[in-house]
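For reference, the chains in residue letters:
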Amino acid sequence: MALYVQKFGGTSVGSVERIKAVAEKVKGFRDQGHQVVVVVSAMSGETNRLTDMAQALNDDPAPREMDMLLSTGEQVTISLLAMALQQIGVPATSHTGAQVGIHTDSAYTKARIQRIETEDLKADLEAGQVVVVAGFQGVDEDGNITTLGRGGSDTTGVALAAALGADECQIYTDVDGVYTTDPRVCSKAQRLTSITVEEMLELASLGSKVLQIRAVEFAGKYNVPLRVLSSFEDGPGTLIVAEADQDEDAMEEPLISGIAFTKNEAKLTLLNTPDVPGVASRILGPIADANIEVDMIVQNVAPAGDYTDFTFTVAKGDYKATKKLLEETVIPDLGGGELRGDDNIAKVSLVGVGMRSHAGVASKMFRVLADENINIRMVSTSEIKISVVIDEKHMELAVNALHKAFGLDKADIESE
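Keep in mind the model is a prediction, meaning the values are calculated, not measured.

**Student:** Please give an account of the domain arrangement of the protein that cites residues and values.
**Tutor:** How big an interface is tends to be stated in terms of the accessible area lost upon association of its parts. Taken domain by domain, the protein holds domain 1 (3–241) and domain 2 (258–406). Taking both partners together, domain 1 and domain 2 bury about 1600 Å²; carbon and sulfur atoms supply 59% of that area. Three residues stand out in domain 1 for area buried against domain 2, namely V185, E199 and L206, and they jointly supply 37% of the buried area on that side. Taking the shortest distance from any N to any O, the salt bridge between R356 and E198 comes out at 2.4 Å. Counting across the domain 1 and domain 2 interface gives eight residue pairs in polar contact (both at pLDDT 80 or more). Residue contributions to the side of domain 1 that touches domain 2 peak at five residues, all from helix α6 (residues 197–205).

**Student:** Report on the packing of aromatic side chains, specifying residues and quantitative values.
**Tutor:** Using the criterion set out here, one finds four aromatic pairs in the structure. Summarising the aromatic geometry, the rings of F8 and Y172 are spaced 4.7 Å apart at their centres and angled 10 degrees between planes, so their arrangement reads as stacked. Here F8 is found in strand β1 (residues 3–8), whereas its partner Y172 is found in strand β9 (residues 168–173), with 164 residues between them in sequence. This pair shows no difference in class: F8 is buried, exactly as Y172 is. Taking the centre distance of 5.8 Å and the plane angle of 20 degrees together, the rings of F218 and Y222 count as stacked. Here the residue F218 and the residue Y222 both occupy positions in helix α7 (residues 213–222), the gap between them amounting to four residues, near one helical turn. Given the relative accessible area of 45%, Y222 is considered partly exposed. Above the plane of the ring of F406 lies K364, whose end atom (NZ or CZ) is 4.7 Å from the centre.

**Student:** I'd love a proper account of unusual backbone geometry, names of residues and values included.
**Tutor:** Comment: phi is negative for the bulk of residues other than glycine, and the bulk of peptide bonds are trans. Backbone geometry places F136, a non-glycine residue, at a positive phi of 80 degrees. You can call F136 buried: its relative accessible area is 6%. In this structure, N373 is a non-glycine residue whose phi angle is positive, near 60 degrees. As for its position among the elements, N373 is in the loop between α10 (361–371) and β17 (378–382).

**Student:** Quick rundown of the environment of K323? Include the residues and the values.
**Tutor:** Mapped onto the elements of the fold, K323 is located in helix α9 (residues 319–334). C-alpha separation for the pair K323 and G341, spaced 18 residues apart in sequence, amounts to 7.8 Å. Residue contacts for K323: discarding those within four places in its chain leaves L268 and L339.

**Student:** Tell me about the side chain of T77, and name the residues and values.
**Tutor:** Checked against the element boundaries, T77 lands in helix α3 (residues 63–87). Judged by relative accessible area, which is 0%, T77 ranks as buried. Here the side chain of T77 touches G73 through a polar contact of 3.2 Å, landing on its backbone oxygen. When near neighbours in sequence (up to four residues on either side) are disregarded, T77 contacts V13, V40, S41, A42 and M43.

**Student:** So what's going on with the layout of surface pockets? Which residues, and what values?
**Tutor:** In this structure, the second largest pocket encloses a volume near 240 Å³. Residue assignment for the lining of the second largest pocket shows that the elements contributing at least two residues are β5 (113–116), α5 (152–164) and α7. The dominant element in the lining of the second largest pocket, judged by the number of residues it contributes, is α7, at five residues. Of the residues that constitute the lining of the second largest pocket, the class distribution is six nonpolar, two polar and five charged.

**Student:** Requested: an account of the sheet that holds β1, with residues and values cited.
**Tutor:** Read across the sheet, eight strands follow the order β3-β6-β2-β1-β9-β11-β12-β10 without closing on themselves; strand pairing throughout is mixed. A single partner strand is all that each edge strand has here, and the edge strands are β3 (92–95) and β10 (194–196). Between one strand axis and the next, the sheet turns by 20 degrees as a mean value, whatever way the strands run. Of the strand pairs in this sheet, β10 and strand β12 (residues 238–241) are connected by three bridges, and their pairing is parallel. The partner of I195 across the bridge, within β12, is I240.

Conventions adopted
Along each chain, residue indices are assigned from 1 in the same order as the chain's sequence is written. In keeping with the model being predicted, local features are shown solely for residues with a pLDDT of at least 70 and side-chain atom pairs are shown and tallied solely at 80 or more, while totals for entire chains, interfaces and linings include all residues. Excluded from the side-chain calculation are hydrogens and water; included are all heavy atoms of the structure. Domain borders in the structure are assigned automatically or taken from a domain database. When two components associate, each loses some accessible surface as probed by a 1.4 Å sphere; the sum of these losses over both components is called the buried area. A side-chain nitrogen of Lys or Arg and a carboxyl oxygen of Asp or Glu constitute a salt bridge if their distance falls within 4 Å. Pairs of N or O atoms within 3.5 Å make up the polar contacts considered here, provided that, within protein, one atom can donate a hydrogen while the other can accept it, and that residues adjacent in sequence are counted only when both atoms are side-chain atoms. Think of it this way: any DSSP run of H or I at least four residues long counts as a helix, any run of E at least two long counts as a strand, and we number them from the N terminus. Ring geometry is summarised as follows: Phe, Tyr and Trp rings, the Trp one being its six-membered ring, pair when their centres sit within 6.5 Å, and such pairs are stacked at plane angles under 30 degrees, edge-to-face over 60 and tilted between the two. Burial status follows relative accessibility: with a 1.4 Å probe on protein chains alone, a residue under 20% of its type maximum counts as buried, one over 50% as exposed, and anything between as partly exposed. Consider the ring centre and the ring normal. A charge sits over the ring if Lys NZ or Arg CZ is within 6 Å of that centre and within 35 degrees of that normal. Between two residues, a contact is recorded if the distance between any of their heavy atoms is within 4.5 Å. Put simply, the grid is 1 Å and covers the protein atoms alone, a cavity is a trapped set of points that fit a 1.4 Å probe, a pocket is an open set with protein on both sides within 12 Å along at least five of seven lines, and lining residues have an atom within 4 Å of a point. Grid points are joined across faces, edges and corners, and a volume is the space filled by probe spheres set on the points. Only Asp, Glu, Lys and Arg are considered charged in this grouping, and only Ala, Val, Leu, Ile, Met, Phe, Trp, Tyr, Cys and Pro are considered nonpolar; every other residue, Gly among them, is considered polar. Paired strands, in this sense, are two strands between which DSSP finds at least two bridges. Inter-axis angles, ranging from 0 to 180 degrees, are taken between N-to-C directions of lines fitted to C-alpha atoms, where helices are fitted over the stretch in contact.

Here it is, written out as structure tokens:
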């Protein structure tokens, strides 16, 4: 007997018929003698519908009230799935995040899990129940409902698997695994049979929407076996593994595992800022205090050496707030400077552990983009990834050209 935590996304539970199909899939595991915890998202489109209603009433709704509102989407799904399981003879109990004991901090709309109380959940499992849990949500120390941010149901699933010591956490979605890039942008994208946690962490952080980054972090930190599967067809999916499990000889292959991209980026540049120690902290400190995450950073030194241009990127949703903060707080503190912004950019990234042992990946990437007449505006690198910022209009062209140039069009790809 094994313990599985199975997470089903919004598309997987997007209608009554699909909820019935999920119930049958869960029943199949339970009939084999396994214990099952099911984590579900809101039905597809529901979170957007609730958000639209909120914004129709208030241009800037309070984060606490947004969490109270958005958490209801998952509560609908857990009750419907529990009913569907009971209808086919499977004992099931639904639980909200608060009821199952998922405790978070108080950072509304993007809370972080602090601890999970598993006693009641384990008792239900031992009693033969399938436990259906609302993803995406928890409760803070004051009893306020919190949400974990978009994609937070993945985090709920992996966190529960870690807390329970589950044999595997299975993420069921509308795709049958992790692909070399988004098949909707590149028709020749291929499914990976496996990928390392390290590579998946990079892909998730760089814009891949298959898994939320915090879910991958949990899997890596607590060594949770994680598999991405399709809700609608059978198949092995993609297994996300620790790098220690990989074949060391295969590390010699000059393999790029995937190409991530996102349009959810905005670039801001402060021109003519003083080139003195501490200026970066004076720029980024107030932004961090506002809980705004900064991604790529480039600082240039003017020929005279007295002034510098400081460029960084943030999420497009934070663009206006960051711009206002710079104009009203940072620039006056620096004694002047000119601000320029651009929210029509995209970030394209190559990811692969093969970069560690093979030179020339960056130069090849830049040559491919140059051949397509695509200008690079910013560059950022790490051991296993290279990211570039380009104009948004060139994103699809860049992804397809790089996918072909690095040999990702071939079938039966395995990241090692």
